[in-house]
Amino acid sequence: MEQEAMKEQAMKQPAVKQPEDARGRRQVKIGTVVSDKMDKTVVVIVQNTEVHRLYHRHIKRTVKFMAHDERNECRVGDRVLLVSSRPLSKTKRWRVREIVQKVERDA
């Protein structure tokens, strides 16, 4: 009896609206553009500092990511915000969400 009452009550309540990004939290990284020669693709380096587990020294780790730049806005030296996405090609798994800091360019 109680189970039936609970089912009826659950059916009367409106469905919970899913958040806009229902796929979960996406990975976010900030890096510097080092190449923009490809069409709609940029190469971005991301630097992380880690502590060596044995020697307890700080180490800089640099990783390159290929990222999708839909409007070809990024230029070499720009700081960009990358967001993970589905595989877009053999090497591209990131998209440029925004340009955090543009580099001043000479005319």
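Residues numbered from 1 in each chain as written. Predicted model: local features only at pLDDT ≥ 70, side-chain atom pairs only at ≥ 80, totals over all residues. Heavy atoms only, no water.

J.: Any chance you could explain the pairing of strand 3 (residues 58-68) here in plain terms?
T.: Regular strands have side chains that alternate between both faces of the sheet. Judged from the 11 bridges that link them, strand 2 (residues 41-51) and strand 3 form a sheet pairing that is antiparallel. Its bridge partner lying in strand 3, Thr41 is registered against His68. Linkage of strand 2 to strand 3, two consecutive antiparallel strands, is achieved through a turn of six residues, within which His56 is found at a positive phi near 55°. Pairing geometry for strand 3 and strand 5 (residues 92-101), over three bridges, is parallel. By the bridge assignment for strand 5, Ala67 is matched with Trp94. (Pairing = 2+ DSSP bridges. Helix = DSSP H or I, 4+ residues; strand = E, 2+ residues; numbered from the N terminus.)

J.: I tried to follow the sheet that holds strand 1 (residues 28-38) on my own but got confused; where do I start?
T.: Paired through their backbone hydrogen bonds, the strands of a sheet run either parallel or antiparallel. Read around the barrel, five strands follow the order 1-2-3-5-4 and close on themselves; strand pairing throughout is mixed. Each adjacent strand pair in this sheet contributes to an overall mean axis angle of 50°, direction not counted. (Axes fitted to C-alpha atoms, helices over the stretch in contact; angles between N-to-C directions.)

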